[in-house]
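# Breakdown of the fold
Spelled out from the first residue to the last, the chains are:
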Amino acid sequence: MRCDYHDRGLCDSCTLIDQPYAQQLTAKQDGVRALLDDGGADTSGLTWLEPVASAESGFRNKAKMVVAGTVRHPTLGILDPRGRGIDLRECPLYPEPIGRALPIVAAFCTQLRLLPYDVPKGRGELKHVLVTVSPDGELMLRFVLRSEKMLGRIREHLDVLLEALPGLRVVTANLQPEHQAVLEGPVEHVLTDGDSLSMPINGIPLRLRPRSFFQTNTEVAAALYRQAVEWARELEPAEVVDLYCGVGGFALHLAAADRRVHGVEISVEAVEAARQAAAEMGLPTSGPGAVTFTAGDATAVERSLEGEVPLVVVNPPRRGLGVELAQRLEDSQVRSLIYSSCNARTLARDLAAMPSWRPVQARLLDMFPHTGHSETAVLLQRR
């Protein structure tokens, strides 16, 4: 993939972009494999499946754009070392619906005289613009503001934006008043009738609310969920516990007749989205085949791991499972484990902390082309 911003020295986010993509993929798999082999866990019986490649461009379903510049000429992109804006509206990582939306959003900000936040001076109102696209091309737009000062103006003129972007389904204003490098704040004002974006994957009607996590690469996420389904088909578990379940991606893919599925997620918004999707699928919430979700800390799940749970799925953040949850899984009667990791170093650490578990199969999924990051899915069984 060629990128004019990279060639001009304006953006170095894609650190591997100068390498041929096939070389990137091979190096990532070799690197993750070496980390797991050297991490202290017994990987002698581990089979590596063929890695899942990504499209080289247009794969990111979310644009997180820092707003800078002036009211008349706002930039949407990143900041240079001096805090000045670098406009990245034509970044090739974004699919066409996002690329089409960004200039319209910038023009809307100019029309409403939304003053971009000046980081060096600590003044201004509009900090970020966050745009998410669904597989169907529908959009969610979030304005991250310093205060409520411009909220009424955005609300008053929102029809103009909705007319210019027919696929726009959800618009919100997030308040982040602190002068620090934090993407968003705790308060979210929903400005449209709809408060969640439909994100259908593999025929599963997932829903995304404004502050919920969603995998950044939709096609590779779909392959990740299909891999979990394939492993579960071989295991035939009567029950699945999904820790760090998010909006229910794994849980809802693993729902099947007479199979109980329970998801645990700390984000209340994500749990509400998962329940909404389950309701749209007509899944029961009690009895055989029940699918349920609980808002809570995945590291404190004693009840979820009581007894002989046939299968647990974990998809933790970059910090991994940590000592407490790794020990609970080690001491539990869980029979099989699917671990989806975005950080091979913490994955290796966690596997070493669970010596009674045997890694059986693993697959690298390239969720983040042109960077050193990737997703790794591992199937583990008791020794």
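Just so we're clear, the structure is a prediction, and the values are computed from it rather than from any experiment.

## Quick notes on the pattern of salt bridges
Enumeration according to the criterion identifies 19 salt bridges in this entry. In this structure, R84 engages D80 in a salt bridge whose closest nitrogen and oxygen atoms are separated by 2.8 Å. Exposure remark for D80: the relative accessible area of 16% places this residue in the buried category. Its salt-bridge partner being E239, residue R260 comes within 3.1 Å of it at the nearest N-O pair.

## Section: the side chain of T346
As for its position among the elements, T346 is in helix α10 (residues 344-352). Separated by 3.0 Å, the side chain of T346 and the backbone oxygen of R318 make a polar contact. With residues up to four places along the chain from it excluded, the contact list for T346 reads R318, R319, G320 and Y339.

## Some thoughts on the sheet that holds strand β8 (residues 187-190)
Reading across from one edge, β4-β3-β2-β5-β6-β7-β8 is the order of the 7 strands in this open sheet, with mixed pairing throughout. On the outer flanks of this sheet lie β4 (85-87) and β8, each paired with one strand and no other. Looking at each pair of strands side by side, their axes are set apart by 40 degrees on average, direction ignored. The sheet contact formed by strand β7 (residues 168-175) and β8 spans 4 bridges and is antiparallel. Along β8, the bridge assignment pairs T172 with V190. Of the strands in this sheet, β2 (62-69), β3 (74-79), β5 (126-133) and β6 (139-145) touch helix α3 (residues 96-111), which is tilted by about 40 degrees from β6.

## Observations concerning α3
Between its first and last C-alpha atoms α3 spans 23 Å; for 16 residues at 1.5 Å apiece the expected length is 22 Å, and the two agree. Taken together, the buried positions of α3 are occupied by P97, I98, A101, L102, V105, A106, F108 and C109. Looking at the buried side of α3, the elements it contacts are β2, β3, β5, β6, α4 (151-156) and α5 (158-164). Looking one or two residues beyond α3, the residue adopting positive phi is R113, at roughly 55 degrees.

## Thoughts on a positive patch on the surface
Residues R72, R113, K149 and R153 make up a contiguous surface patch of positive charge. Among the secondary structure elements, K149 is positioned in the loop between β6 and α4.

## What about the environment of D258?
Mapped onto the fold, D258 is located in the loop between α7 (249-254) and β12 (260-265). According to the relative accessible area criterion, D258 is exposed, its value standing at 58%. Residues D258 and P237, spaced 21 residues apart in sequence, show a C-alpha to C-alpha distance of 9.8 Å.

## Topic: unusual backbone geometry
Positive phi, close to 55 degrees, is recorded for R113, a residue that is not glycine. Inspection of the secondary structure puts R113 in the loop between α3 and β5. Its relative accessible area of 54% is what places R113 among the exposed residues. Phi at H370 takes a positive value of approximately 70 degrees, unusual for a residue other than glycine. With respect to the element layout, H370 can be found in the loop between β16 (357-365) and β17 (375-382).

Scoring rules and cut-offs
Residues numbered from 1 in each chain as written. Predicted model: local features only at pLDDT ≥ 70, side-chain atom pairs only at ≥ 80, totals over all residues. Heavy atoms only, no water. Salt bridge = Lys/Arg side-chain N within 4 Å of Asp/Glu carboxyl O. Buried < 20%, exposed > 50% of the residue type's maximum accessible area, 1.4 Å probe, protein only. Helix = DSSP H or I, 4+ residues; strand = E, 2+ residues; numbered from the N terminus. Polar contact = N/O pair within 3.5 Å; in protein donor to acceptor, adjacent residues only side chain to side chain. Contact = heavy atoms within 4.5 Å. Pairing = 2+ DSSP bridges. Axes fitted to C-alpha atoms, helices over the stretch in contact; angles between N-to-C directions. Expected span 1.5 Å × (residues − 1). Patch = residues over 30% accessible without salt bridge, like charges linked within 9 Å, V, L, I, M, F, W, Y side chains within 5 Å. Areas by Shrake-Rupley, 256 points an atom, 1.4 Å probe, with all protein chains shown as cover. Lys, Arg positive; Asp, Glu negative; His and termini not counted. Charge placed at Lys NZ, Arg CZ, Asp CG, Glu CD.

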